[in-house]
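# Descriptive structure summary
One-letter residues, chain by chain:
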Amino acid sequence: MKRSALADSALVAVMAFVLAAVATALDGWPLPRVFDEFSYLIGAETFAAGRLSNPPHQLPEFFNTIHVLQTPTYTSKYFPGHSLFLALGIVLGGGPRLGQWIAFAFMGGALCWMLRGCVSRRGALAGSAILVLLLADTHWTSGYWGSAAALGGSALMFGAILRVQHDPAPRTAGILGLGVVVLALTRPFEGLAVSLVPALAMLTWCLGGGCETPRRLLRVALPTLLVIGAGAAFLAAHNRATTGNAFRPAYVAYEASAPGAPPFVWRAPVGTAASSTGRPLRPSERARIGIDLDAWAKLRQHPLAELQARLRQSVALYLPAGVFAALFLLAVPALADRRLLVPAGAVGALAVATGVSSFFLPSYVAPAIAPLAVLVAVGASRVAAVGVPARRAVMAAAALLAVGGAWRVVHQSREEAEHRSPASFPNRRAALARALEQEPGRQLVFVSYDHAYRSQHEFVQNSADRDSAAVLWAHDLGGVENERLMALERHRRPRSCGSRRTPAARARGVAHPAAIWGRGGDSVARRRTPSRVTAPPAVDERRDGVSRGHARPRAATIAER
């Protein structure tokens, strides 16, 4: 690896880090707002504490929430790659947000290193910088998602493949293995799809070298497999710590017990009337299942229309449709190079894999951005070599993309503005949690919902270390069942969180939540006393409120509820 390649990669990594921080500053400090983010944060807190998993609660049914495994251990269902980046930020003292910036910087540096293997230094710097600009103000930096880490792993893999055939060095092979490991630990399904064609190509190259075959196996295949083996050993240890089985990931254990749409379009749905324990489904589960089943049904009934919609969603997240079409055409000249059939095949393989998946998000295609960037960069360099007018056209297009990316960084989108507003659900929930944390002692909040519920509005989200948390959120399973939890959490003060007053609450004179924060808002309602928890006004997004119990013995409090 040339020193200039390392220096350029470091430069783009620093640029990506700064842009991620700037985008965060412009959009406002983000709070987790969807189930996936809460799950990633649980994983990050677990790793930052020096653990691979957390012990389960004796009554896990009170804490069931989407994308979190409760038994046999309490942990995130996701593979550990992205949570490791977030944990690094926590360990360094900057919190998970710092870890998100580090992941984005890793992505930028890996992209530049990859492009240095196929185009000029100027082209690699321009291409990677433009990609960083285009992604800097998406949820890749404004949330706690793992897309940046997955793209970084894919870039390492393809950057090494572009080099290893003319530079069969163990160092390059080790980077190839590292890219595969990062993909496996972040987006394993999409990572597997995007790795199939490169794996076949590398296997053919290693075994088809004639007298060079032993050298290639020793200098390329062996180092690659050693790094992949180390990653597999870590994953096996993580699986064993979370599920008790080295070959059973937490993701598989969670999905086996979660009703809903099947992972692939040709399979039938799992029973959706009740959970694996036979209890009725809560609103959050019904909402999630409804979304998944709707996507599955659309893909089965109208496959072409659904695939077109997925393509539009993927493009719209990053570029206008016309710009993407121009870039796609720009990649065509690169196919004249037989070596570049490997990244082209990887893009096609991932397209097929996401096309048969029941549920889809634009972030799922992140591993395909690296090989697509290779094709576009090589195609642009070949068009620019035709003559001065063509070179100027390519430079103008690159400048327009850079300006568009910079505009996105400084222009806060309407969607992000809504998520960052004080009236948004994440901010209202955070304000409520802060108000409860200011109360004396530790709190145990029983949460119940009515049917006016949005899919991502879930109060029962706890940290990795539930025992030491100031506020413990639990589902309201009814008076008799709640007594069991209160017996275990005697050091906590009981509260109830719900959108409607029970007859007992009306008899005690407890105010309706709407009387505290306004109609339809989340609130802390209590007896009419001089002291009151204040919080920002809410909007009519849903009708969940919080009411506090009396300072009486716990058994009496539960009976009154």
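Data block above holds the structure.
These remarks concern the structure in this document.

### Here we look at the overall build of the chain
Summing up its helical and strand segments, the chain has 23 helices and 7 strands in all. When burial is assessed residue by residue, the chain has 53% of its 561 residues classed as buried. In the chain, of all internal contacts separated by at least 6 residues, the share reaching a separation of at least 24 is 73%. Put simply, the chain shows about 24,600 Å² of open surface, and 64% of that area lies on carbon and sulfur atoms.

### So, unusual backbone geometry
Each neighbour pair has its own omega, and for T71 with P72 the value is 5 degrees, a cis peptide bond. Topologically, P72 is positioned in the loop between strand 1 (68–69) and strand 2 (75–76). Even without being glycine, H67 reaches a positive phi, approximately 70 degrees. Within the element layout of this structure, H67 appears in the loop between helix 2 (35–48) and strand 1.

### Description of the pairing of strand 3 (residues 442–447)
For strand 3, a buried count of 5 out of 6 residues is recorded, marking the element as mostly surrounded by other parts of the structure. Alignment of strand 3 against strand 5 (residues 492–497), held across 6 bridges, turns out to be parallel. Its bridge partner being in strand 5, L444 is matched across the sheet by P494. Here strand 3 pairs with strand 4 (residues 471–475) via 5 bridges, running parallel. Paired with Q443 across the two strands is V471, which belongs to strand 4.

### Some details on the packing of aromatic side chains
Tallied over the entire structure, the rule returns 10 aromatic pairs. On the basis of an interplanar angle of 20 degrees and a centroid distance of 4.7 Å, the ring pair of Y40 and Y78 is categorised as stacked. Taken together, the positions of Y40 in helix 2 and Y78 in the loop between strand 2 and helix 3 (81–91) put the pair 38 residues apart, joining distant regions of the chain. Each member of the pair, Y40 together with Y78, is buried. Note that R163 overlies the ring of W113, its terminal NZ or CZ placed 3.9 Å from the centroid.

### Description of the packing of helix 2 against helix 3
Geometrically, a packed helix pair is captured by the angle between its two axes and the distance between the axes. One way to put it is that helix 2 packs onto helix 3 with a least axis distance of 8 Å and a crossing angle of 55 degrees. Judged by the angle between their axes, helix 2 and helix 3 are oblique. Like other packed secondary-structure pairs, helix 2 and helix 3 cross with a definite hand, here right-handed. Along the contact surface, helix 2 presents Y40, L41, G43, A44, E45, F47 and A48, while helix 3 presents H82, S83, L84, L86, A87, I90 and V91. Here the contact of helix 2 with helix 3 is composed, by residue class, of 10 nonpolar, 3 polar and 1 charged.

### Focus: the side chain of S195
Along the polypeptide, S195 turns up in helix 9 (residues 188–207). From its side chain, S195 meets the backbone oxygen of G191 in a polar contact 2.6 Å long.

### Details of the environment of L84
Looking at where L84 falls in the secondary structure, it is placed in helix 3. Residue classification places L84 among the partly exposed positions, given a relative accessible area of 33%. Between the C-alpha atom of L84 and that of Y40, which follows or precedes it by 44 residues, the distance is 9.2 Å.

### A short note on the environment of P263
Structurally, P263 can be placed in the loop between helix 11 (250–257) and helix 12 (283–301). Since its relative accessible area comes to 45%, P263 is described here as partly exposed. In sequence terms P263 and S357 are 94 residues apart; their C-alpha atoms lie 5.9 Å from each other. P263 has contacts with V356, S357 and S358, leaving out every residue within four places of it along the chain.

What counts, and at which threshold
Residues numbered from 1 in each chain as written. Predicted model: local features only at pLDDT ≥ 70, side-chain atom pairs only at ≥ 80, totals over all residues. Heavy atoms only, no water. Helix = DSSP H or I, 4+ residues; strand = E, 2+ residues; numbered from the N terminus. Buried < 20%, exposed > 50% of the residue type's maximum accessible area, 1.4 Å probe, protein only. Contact = heavy atoms within 4.5 Å. Areas by Shrake-Rupley, 256 points an atom, 1.4 Å probe, with all protein chains shown as cover. Pairing = 2+ DSSP bridges. Phe/Tyr/Trp six-rings, centres within 6.5 Å; stacked < 30°, edge-to-face > 60°. Lys NZ or Arg CZ within 6 Å of the ring centre and 35° of its normal. Axes fitted to C-alpha atoms, helices over the stretch in contact; angles between N-to-C directions. Parallel < 35°, antiparallel > 145°, perpendicular 65-115°, else oblique. Left-handed = near helix turned anticlockwise from the far one by under 90°. Nonpolar A, V, L, I, M, F, W, Y, C, P; charged D, E, K, R; others polar. Polar contact = N/O pair within 3.5 Å; in protein donor to acceptor, adjacent residues only side chain to side chain.

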